[in-house]
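Examination of the molecular architecture
Each chain is listed here by its residues.
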Amino acid sequence: MIAHGARCSVGDQLHPRGVLDPAAYDLIGKVYKRVADREPWLIDATPVTEIGLFQAPATTDLSRISGVDEGATRMLTQLKYQFNVVEPSSDLSPFRLLNCPML
């Protein structure tokens, strides 16, 4: 997430039984240490995103809902590519590749 410019945020980690889980807090501590170790390179950093993903137009017509947005997002995420969701009015000049999923 830090490669995408996101900030760290940890919500409520209380187990449904109402008992704190030491393993969850151990994992959170390890993650925050990794982020802290990288912090000098993260301050004022901006993500380099070379892929623009066009979002399919919103529709209420159930016959036209295909899941292409979710599929394209999943594909790019699993390939570990950084991308921005764009629309026709977006500035497309920063992108080397535009992904236009078909309905």
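Read on for a plain summary of the structure. Keep in mind it's a predicted model, so treat the numbers as computed, not measured.

**Some words on the overall build of the chain**
Along the backbone of the chain there are two helices and three strands. In the chain, buried positions account for 14% of the 103 residues. Here the contacts in the chain between residues at least 6 apart in sequence split such that 71% fall between residues at least 24 apart. About 8,500 Å² of surface is accessible on the chain, with carbon and sulfur atoms providing 57% of the total.

**Topic: the pattern of salt bridges**
All chains considered together, the criterion is met by four salt bridges. When the shortest N-O distance is used, the salt bridge between Asp 37 and Lys 33 registers 3.0 Å. Taken together, the residues span about one helical turn, with Asp 37 and Lys 33 both in helix H1 (residues 22-42) at a distance of four residues.

**Regarding the pairing of strand E1 (residues 51-54)**
By the alternation rule, side chains of E1 split into Ile 51 and Leu 53 and Gly 52 and Phe 54, which are all buried. As defined by bridge partners, E1 adjoins strand E2 (residues 83-86) across four bridges and the pair is classed as parallel. Bridging from a neighbouring strand, Ile 51 pairs with Phe 83 of E2. In terms of strand pairing, E1 meets strand E3 (residues 97-99) through three bridges, oriented parallel. Of the residues in E3, the one forming a bridge with Leu 53 is Asn 99.

The rules behind each value
- Residues numbered from 1 in each chain as written.
- Predicted model: local features only at pLDDT ≥ 70, side-chain atom pairs only at ≥ 80, totals over all residues.
- Heavy atoms only, no water.
- Helix = DSSP H or I, 4+ residues; strand = E, 2+ residues; numbered from the N terminus.
- Buried < 20%, exposed > 50% of the residue type's maximum accessible area, 1.4 Å probe, protein only.
- Contact = heavy atoms within 4.5 Å.
- Areas by Shrake-Rupley, 256 points an atom, 1.4 Å probe, with all protein chains shown as cover.
- Salt bridge = Lys/Arg side-chain N within 4 Å of Asp/Glu carboxyl O.
- Pairing = 2+ DSSP bridges.

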